[in-house]
Amino acid sequence: MLIGGAVFPLLGAFFYWFPKVTGRMMGERMGRWQFWLFFIGVNVTFFPMHQLGLQGMPRRIYTYLAESGWGTLNLVSIIGAVVVDMSMLLFVLNVVLSLFRRERAAENPWGAPTLEWAVPSPPPPFNFVVLPVVSSREPLWSRETGGATHVSGLATGTREGLVTTVLDAVPDVRYIYPSPGIWPFVAALAVAGCWLIWSIFSAQGALWGMIPPTIAFIAWFWPRKRENDQHLALEKRP
Amino acid sequence: MTTRREARPASVAAVRRGDALDVANLPSYGFGNRSLMWWGTAGMMAIEGAAFAFMIVIYFYLRSLSDSWPSGGAAPDLLWGTLNLGLILVSAVPNIYADRAAIDHDLGKVRICLVILSVIGLVLLLVRAMEFTTLNVRGDESAYGSVVWMLLGLHTFNLITDVADSLVLTALILKGPLEGKRFVDVAENSGYWNFVVVTWVPIYAVVYWGPRF
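Residues numbered from 1 in each chain as written. Chains lettered and ligands numbered in written order. Predicted model: local features only at pLDDT ≥ 70, side-chain atom pairs only at ≥ 80, totals over all residues. Heavy atoms only, no water.

Peer 1: Explanation requested: the overall build of chain B in the structure shown.
Peer 2: A count of helices and strands for chain B gives five helices and two strands. Walking chain B from its N terminus toward its C terminus, one meets helices and strands in the order β-β-α-α-α-α-α. A buried classification covers 47% of the 213 residues belonging to chain B. Counting contacts in chain B only where the partners sit at least 6 residues apart, residues at least 24 apart contribute 80% of the total. For chain B, the exposed surface amounts to about 9700 Å²; the carbon and sulfur share of it is 70%. Side-chain charges of chain B comprise 16 positive and 17 negative groups, with the mean position of each set lying 6 Å from the other. (Helix = DSSP H or I, 4+ residues; strand = E, 2+ residues; numbered from the N terminus. Buried < 20%, exposed > 50% of the residue type's maximum accessible area, 1.4 Å probe, protein only. Contact = heavy atoms within 4.5 Å. Areas by Shrake-Rupley, 256 points an atom, 1.4 Å probe, with all protein chains shown as cover. Lys, Arg positive; Asp, Glu negative; His and termini not counted. Charge placed at Lys NZ, Arg CZ, Asp CG, Glu CD.)

Peer 1: What is the right way to read the side chain of Glu-160 of chain A from this model?
Peer 2: All names here are of chain A. Relative to the helices and strands, Glu-160 resides in strand S2 (residues 160-164). Judged by its relative accessible area of 9%, Glu-160 falls in the buried class. A polar contact is formed between the side chain of Glu-160 and the backbone nitrogen of Ala-155, at a distance of 2.6 Å. At a separation of 2.7 Å, a polar atom in the side chain of Glu-160 contacts the side chain of Arg-174. Setting aside its immediate chain neighbours within four residues, Glu-160 contacts Gly-153, Leu-154, Ala-155, Arg-174, Tyr-175, Ile-176 and Leu-234. (Polar contact = N/O pair within 3.5 Å; in protein donor to acceptor, adjacent residues only side chain to side chain.)

Peer 1: What should I look at first to understand the interface of chain B and chain A in this one?
Peer 2: How big an interface is tends to be stated in terms of accessible area lost as the parts join. In this complex, chain B contributes 39 residues to the contact, which on the side of chain A involves 35 residues. When chain B packs against chain A, close to 3200 Å² is buried across both sides, 61% of that on carbon and sulfur atoms. By the criterion of area lost to chain A, the three top residues of chain B are Leu-21, Ser-28 and Leu-36 of chain B, representing 16% of everything that side buries. At the boundary of chain B with chain A, the tally comes to one salt bridge. Arg-34 of chain B is the salt-bridge partner of Asp-172 of chain A, the closest N and O atoms lying 2.8 Å from each other. (Buried area = accessible area lost by both parts, 1.4 Å probe. Salt bridge = Lys/Arg side-chain N within 4 Å of Asp/Glu carboxyl O.)

Peer 1: Whenever I open this one, the pattern of salt bridges confuses me. Can you help?
Peer 2: Side-chain pairs of opposite charge can arise whenever the charged atoms involved come near each other. By the definition in use, this model includes ten salt bridges over all chains. Two residues, Glu-28 of chain A and Arg-32 of chain A, come together in a salt bridge whose shortest N-O distance is 2.9 Å. Of this pair, Glu-28 of chain A and Arg-32 of chain A both sit in helix H2 (residues 28-54), four residues apart, which is roughly one turn of that helix. A single network of salt bridges, built from pairs that share partners, joins Glu-179, Arg-182 and Asp-185 of chain B.

Peer 1: Sorry, what's going on with the packing of helix H1 (residues 36-65) of chain B against helix H5 (residues 181-209) of chain B here?
Peer 2: Helix-helix packing is characterised by the crossing angle of the two axes and by the distance between the axes. Residue and element names in this part refer to chain B. At their nearest, the axes of H1 and H5 sit 11 Å apart, and the two run at 5° to each other. Classified by the interaxial angle, the pair formed by H1 and H5 is roughly parallel. Residues Met-37, Trp-38, Thr-41, Met-44, Met-45, Glu-48, Gly-49, Phe-52, Ile-56, Tyr-59 and Phe-60 of H1 pack against Glu-188, Gly-191, Tyr-192, Phe-195, Thr-199, Pro-202, Ile-203 and Val-206 of H5. In terms of residue class, the contact of H1 with H5 is built from 13 nonpolar, four polar and two charged. (Axes fitted to C-alpha atoms, helices over the stretch in contact; angles between N-to-C directions. Parallel < 35°, antiparallel > 145°, perpendicular 65-115°, else oblique. Nonpolar A, V, L, I, M, F, W, Y, C, P; charged D, E, K, R; others polar.)

Peer 1: How should the environment of Leu-125 of chain B be read in this particular structure?
Peer 2: All names here are of chain B. One can find Leu-125 in helix H3 (residues 107-133). Using a relative accessible area of 25% as the deciding quantity, one classes Leu-125 as partly exposed. In sequence terms Leu-125 and Leu-114 are eleven residues apart; their C-alpha atoms lie 16 Å from each other. If we ignore the near neighbours within four places in the chain, the residues touching Leu-125 are Leu-159, Ile-160 and Val-163.

Peer 1: It is not clear to me how the nonpolar core should be interpreted in this structure. Could you clarify?
Peer 2: Most often, soluble globular proteins have nonpolar side chains that are buried together. All names here are of chain B. Grouped together as the largest cluster of nonpolar side chains are 34 residues, with contacts concentrated most on Tyr-59, Ile-88, Val-148, Leu-151, Trp-193, Trp-200 and Val-207. The greatest single-element share of this core, amounting to eleven residues, is contributed by H5. Among the nonpolar cores identified, the runner-up in size contains 13 residues, and Ala-101, Val-110, Leu-169 and Val-184 belong to it. (Core = buried A, V, L, I, M, F, W, Y, C linked by side-chain atoms within 4.5 Å.)

Below you can see the structure in the form of structure tokens.
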């Protein structure tokens, strides 16, 4: 269940986003070999287990009596597992070799519809130079002709983001995010170092250990003059 | 007067300029569900509310398994808990005023309401401390004691959180530096306080009257 339901899609997603993350495609031929080895291996491993279950073998035991007659099917299962191992070995090899591939992956090698495929692979730290305007769930497939293509008017000197209405996604509020500072880091240290570690060794820590993080959070929240001036310059009442 | 309930787009919408959608004229903050923190607070209330509901269910489940309730002890004294109920209900009045004043950007009224709320909050913490001394049961004494302390403890956690929040906001509103979105903070603080008020009613009923029926 877990292999079929979670590991297959996980491997699929790995292949899908590998070029976006690393800027390199994964090897297709090796990928095909890996898929078939994995597909066959998984079925050879797990299908006999269904039959073994019907014959009365409980799950997750490492040994059983020879008289139970479960030996042959378990051997088949093991062979399947070895095939799965080979497939995973091929996968790791594919990842390593692909990382050193010379040619670079294109922006959108799959012709995919979503926004991450509109930026270079790997994406620059700022993602988009200008915020794109999106009018559907598949923005790269359905560019609205004649519609606005990007958002303008957001501050460039501060971190200003755009908040839209909940259901219609109409631009609604310019939201100014906090500037970088030391307090988020102090807060993280206070939570981990003080509250978490203290509460492992003493129940008192779960209570009193909350005080240092609280102080850090308040300091984080407290507005600084320079930031405040920037906000006031950009402020517009609703 | 703009009300928070208007979740409509800003009065000044984004304007089309060539290929660009110009958002420079949009407001820089909004009340109610136009604010990001409103959603965070709503999520927090959903989690805390669910925890309260679970604890109340657990309370009555444990009661259904016990021969006597409160197990081998006396019910909590009514005095402090009931005083708390009275005070917290009264606090809803300046709280609702604070919310409205914040939406109206009325700094004077906001200041007065926040000072009143901070004082009431501090008094409530003292009353709550007295409540813990008159529960007539230790938290590690029995299943009854455990669930009562847990219920009161959870609500106290919320009480302390919002009193601390109110104190910080009051200091900020009195001292500055101010900007418009602080009024959103005040309105959201009021929203959370409403939650603390409303949840105290069923928790009070369970903690103080559960053992008496």
